[in-house]
Amino acid sequence: MAEIRILLIFLFLNGALAADPLKCIGKYYFPEDETTFNILKRNISDIQYVNRAERPTESRIINTGRTIFMDFSYSSDNAPILTNGPFGEEKYQFKFIYFHWLPADISRMTNIFMEMHMIFINTRYSNYDEASKKHLGVVMIAVRHVNRGIMHSNGYYEYLKNFQKANEDLRLNATDTPTIFELAFSTKLYNLYVGKSTFPYDEVCSADVIWMEHSYVSNISPKEMQYFRDLKANDGKPLMSKTVVRSSPNSAIYKAVNVFVYEQKGFSVESFKGFDRSSVGTRCLKTFNIIIVLISLVFGINMI
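Everything numeric here is computed off the predicted structure, so don't read it as measured data.

Scoring rules and cut-offs
Residues numbered from 1 in each chain as written. Predicted model: local features only at pLDDT ≥ 70, side-chain atom pairs only at ≥ 80, totals over all residues. Heavy atoms only, no water. Buried < 20%, exposed > 50% of the residue type's maximum accessible area, 1.4 Å probe, protein only. Helix = DSSP H or I, 4+ residues; strand = E, 2+ residues; numbered from the N terminus. Arc of directions from axis to C-beta. Contact = heavy atoms within 4.5 Å. Polar contact = N/O pair within 3.5 Å; in protein donor to acceptor, adjacent residues only side chain to side chain. Salt bridge = Lys/Arg side-chain N within 4 Å of Asp/Glu carboxyl O. Phe/Tyr/Trp six-rings, centres within 6.5 Å; stacked < 30°, edge-to-face > 60°. Lys NZ or Arg CZ within 6 Å of the ring centre and 35° of its normal. Pairing = 2+ DSSP bridges. Core = buried A, V, L, I, M, F, W, Y, C linked by side-chain atoms within 4.5 Å. pLDDT = per-residue confidence, 0-100.

Visitor: Explain helix α5 (residues 222–229) residue by residue, including any values.
Guide: Among the residues of α5, those classed as buried are E224, M225, Y227 and F228. Projected onto a plane normal to the axis of α5, the buried residues spread over an arc of 150 degrees and lie on a single side. Looking at the packing, one finds that the buried side of α5 touches β6 (91–100), β7 (114–122) and β12 (218–219).

Here you go:
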């Protein structure tokens, strides 16, 4: 009888704790004007962007069947680093870029076509896999893309025509590879909060990450939008249909502001004192605790 109860508990947990994206949080989605959020303005010292203009020795762009993944190689000690500002003395090293497809309803609501996410890992850790399992081990910079009818092209999205099918890739040499800040300019205007990863290959309910959302949006032309729409997933469907669905965080959002401008208008701005993560990740924990209580009641086992 005991063996049957153990088996039932295992099957119950296996089903109940199966990855349910909506039971875990991800990120906020900001419209262009950011007016739908309660954002706390803070005096945050400038971020230091180390090696931001360093050109990679080579790069690789891959259609993984779920996203477009951009991997960069750097010579020793030349990889871009984020430090200071909200990160204090911690250092975060650039690792890769991927593109994030918004669910259709969110895209309509925000007018955002898609987002580019730039991944930096804390230099305490040797690789992304290790850092992604640590609290605040990863910084994710989000750059929103909007079609404003401007026939602007950054040139690099032209490469998308070379790997429209899943598992196709393209390798670029140092001459053709962009610096990461040619793809997304550094900025002093951004929103900060704690959430969780939307990288499609991470575990659901992964460790907390720092989201840094650039306040400016990147223009994308109709031609470039079509390049993205033509990309195919493993099943032959549009790659942009492979959305990563998560619930919104509950954490506070902090905006770095130009303190001089605010003080000239007679306003004072509090200094940034660190991240509020009191409600981050609690949904998964609450779900787990409820399941344990239910098991205790159903099977008469003291598990608490």
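Don't stop here, the text continues.
Visitor: Provide a residue-level description of the environment of T198, including the pertinent values.
Guide: Relative to the helices and strands, T198 is located in the loop between β10 (190–196) and β11 (208–214). Here the alpha-carbon distance between T198 and G26, two residues 172 residues apart in the chain, equals 6.0 Å. Excluding residues within four positions of it along the chain, T198 makes contact with K27, Y98, H100, H117, M140, W211 and V244. Of the polar contacts made by the side chain of T198, one reaches the side chain of Y98; its length is 2.8 Å. Within polar-contact distance, the side chain of T198 engages the side chain of H117 at 3.4 Å.

Visitor: Which residues make up unusual backbone geometry, and what are the values?
Guide: If you check the backbone angles, N84 has positive phi at about 65 degrees while not being a glycine. Residue position: N84 is located in strand β5 (residues 81–84). At L136, a residue that is not glycine, the phi angle is positive and equals roughly 55 degrees. The topology assignment puts L136 in the loop between α3 (128–131) and β8 (138–146). We classify L136 as buried; its relative accessible area is 17%.

Visitor: Any chance you could break down the pattern of salt bridges for me, citing the residues and the numbers?
Guide: All chains considered together, the criterion is met by ten salt bridges. Among the salt bridges present, the one from D235 reaches K242, with a minimum N-O distance of 2.6 Å. Given the relative accessible area of 43%, D235 is considered partly exposed.

Visitor: Lay out the packing of aromatic side chains with the relevant residues and their values.
Guide: One pass over the full model with this rule turns up 25 aromatic pairs. Taking the centre distance of 6.4 Å and the plane angle of 10 degrees together, the rings of F99 and W101 count as stacked. Each member of the pair, F99 together with W101, is buried. Members of the aromatic cluster, joined through ring pairs, are F69, F96, Y98, Y128, F199 and Y201. A cation over an aromatic ring shows up here: K27 above the ring of Y29, its NZ or CZ 4.6 Å from the ring centre. Geometry around W211 places K27 over its ring, the cationic atom sitting 5.2 Å from the centre.

Visitor: Quick rundown of the pairing of β10? Include the residues and the values.
Guide: With respect to burial, β10 is a largely interior element, seven of its seven residues being buried. Along β10, one buried face is formed by Y190, L192, V194 and K196 and the opposite face, lined by N191, Y193 and G195, is buried too. Summarising the sheet, β10 and β11 pair through seven bridges and their orientation is antiparallel. From the neighbouring strand, Y190 faces β11, where its bridge partner is H214. Two elements, β10 and strand β13 (residues 253–256), share two bridges in a ladder whose sense is antiparallel. Looking across to β13, one finds that L192 is bridged to Y254.

Visitor: Could you give me a rundown of the side chain of R42, with the residues and numbers involved?
Guide: Inspection of the secondary structure puts R42 in strand β1 (residues 39–42). Discounting chain neighbours no more than four positions away, the residues touching R42 are Y254, K255, A256, V257, V269, E270, S271 and F272.

Visitor: Provide a residue-level description of the nonpolar core, including the pertinent values.
Guide: Ranked by internal contacts, the top residues of the largest apolar core, which has 50 residues, are I68, L82, I97, F99, M114, F120 and F228. Within the second largest apolar cluster, 20 residues are counted, among which are I121, A142, Y193 and I253.

Visitor: I'd like a description of the pairing of β5, backed by residues and values.
Guide: Relative to β5, strand β2 (residues 47–50) runs antiparallel, the two sharing four bridges. What sits directly across from Y49, in β5, is L82. Relative to β6, β5 runs antiparallel, the two being bridged by three bridges. Paired with T83 across the two strands is K91, which belongs to β6.

Visitor: Got a sec to walk through the confidence of the model for the chain? Specific residues and values, please.
Guide: Looking at the chain as a whole, the pLDDT averages 81, with 79% of positions reaching at least 70. Every residue in residues 6–19 is under pLDDT 50, and counting partners more than four places away or in other chains gives 13 contacts. Segment residues 281–299 is flagged for pLDDT under 50; beyond a separation of four residues in sequence, or across chains, it makes 30 contacts in the model.

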